Amino acid sequence: MTVRPPATLVPQLRLRDDLPPAVDAMRGLPAVLELLRRPGVVAITGAGISTESGIPDYRGPTGRARNATPMSYQEFISSAASRQRYWARSFAGWAVMGQSLPNDGHRALSRLQAGGHVAGVITQNVDQLHLRAGSRPLVELHGSLARVICLDCGDLTARSALQERLRAANAGLSERDLAIGDDAGEVKPDGDLDVVETAVRSFTTVDCLACGGSRLKPDVVFFGESVPADRVALCRRWIEAAPGVLVLGSSLAVMSAYRFVRQAAREGRPVVIVNQGPTRGDGEAQLRIDAPLGRFLTEICALVD
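As the structure is a prediction and not an experimental result, all values here were calculated from the model.

Asks: Give a description of helix H4 (residues 104-114) that names residues and reports values.
Replies: Taken together, the buried positions of H4 are Gly105, His106, Ala108, Leu109, Ser110, Leu112 and Gln113. The secondary structure elements touched by the buried residues of H4 are helix H1 (25-36), strand S1 (41-45), strand S2 (118-123), helix H5 (129-133), strand S7 (245-248) and helix H11 (293-304). In this structure Asn103 caps H4, since a side-chain oxygen of it lies 2.7 Å from the backbone nitrogen of Gly105. Directly after H4, the chain includes Gly116, whose backbone phi takes a positive value near 85 degrees.

Take a look at the structure:
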């Protein structure tokens, strides 16, 4: 696992007693339409927008039963065995993660950007599905699994190229061979799979082609790392210039994105949340709408123009 803190470290979503209940899609449509008719809205997205692409979320309807503990940055950099485990799991999961496609929610949000209704997208997701759907401008707050960085020399390479190198180094071992029976093909939120322990111990990693270093890492923010300061500063500037914020598919349980909702509320900018389940930002929002994002955003696109 990569970007998600373990459940014991994730702030519990304690909502105030006076918060109104979430509304359904029909009752929430007018509020979102009103917000989007103010050009320049910023959208903040989380794992919930990618569930319709077959990638499970962390704390929503598809993710509540998962209690996996993510690998920390310190663990990853300090132990060759930890890196071996990470890459074995990632190798098994990439066959699914790398082939995931944008869904109706990603495409609708891209159309809202093209129409000038949404000025920018800030995503916590590392799946690059917003990018592939055409969202521009876009800040990938936690980076992207599609890139690999060498921690020794800084060289960046494509994750797909690394997959081929790992496949060659582990000749005769397929991605599916590694996966534990019942979980075979069921990718985890950060793009990996549970794997057979004996296979982990025999899995061969590869070194950086540029410098020969052994510390190749997905270009994402691990638990224990900080989001790069320049990304945070850019997002803050977007919020300062926005007439409002639309949160899509995020429980806002981690501060990396929640800070921007808090900023918007402090500055008097309206916040509307569309998420299946309560969020940490419900107290700052004018409204939370409980609705599947693909269908809801597609309806919004049809009505806002």
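Asks: Provide a residue-level description of the pairing of strand S8 (residues 271-274), including the pertinent values.
Replies: Where burial is concerned, the two faces of S8 agree: the one with Val271 and Ile273 and the one with Val272 and Val274 are both buried. Bridge count between S7 and S8: four bridges; the pairing is parallel. Along S8, the bridge assignment pairs Leu246 with Val272. The parallel pair S7 and S8 is bridged by helix H10 (residues 255-266), and the resulting crossover is right-handed.

Asks: Explain the confidence of the model for the protein chain residue by residue, including any values.
Replies: With 83% of its residues at a pLDDT of 70 or more, the protein chain shows a mean pLDDT of 87. Considering only residues more than four positions removed or in separate chains, one finds that residues 1-16, a stretch of pLDDT under 50, has 56 contacts. Within the model, the stretch residues 62-66 combines pLDDT values under 50 with 14 contacts to residues more than four positions away or in other chains.

Asks: Break down the packing of aromatic side chains for me, citing the residues and quoting the values.
Replies: Taken as a whole and assessed by the stated rule, the structure comprises five aromatic pairs. Plain terms: the ring middles of Phe76 and Phe222 are 5.1 Å apart, the flat faces sit at 55 degrees to each other, and that makes the pair tilted. Here Phe222 lies in the loop between strand S6 (216-220) and helix H9 (229-241) and Phe76 lies in helix H2 (residues 73-78), a separation of 146 residues in the sequence. The buried category is assigned to Phe222, whose relative accessible area is 1%. Consider the rings of Tyr86 and Phe222, whose centres lie 5.7 Å apart with planes at 45 degrees: the pair is tilted. In this pair, Tyr86 is assigned in helix H3 (residues 80-97) and Phe222 in the loop between S6 and H9, connecting sequence segments 136 residues apart.

Rules used throughout
Residues numbered from 1 in each chain as written. Predicted model: local features only at pLDDT ≥ 70, side-chain atom pairs only at ≥ 80, totals over all residues. Heavy atoms only, no water. Buried < 20%, exposed > 50% of the residue type's maximum accessible area, 1.4 Å probe, protein only. Helix = DSSP H or I, 4+ residues; strand = E, 2+ residues; numbered from the N terminus. Contact = heavy atoms within 4.5 Å. Polar contact = N/O pair within 3.5 Å; in protein donor to acceptor, adjacent residues only side chain to side chain. Pairing = 2+ DSSP bridges. Right-handed = clockwise from strand over helix to strand, strands pointing away. pLDDT = per-residue confidence, 0-100. Phe/Tyr/Trp six-rings, centres within 6.5 Å; stacked < 30°, edge-to-face > 60°.

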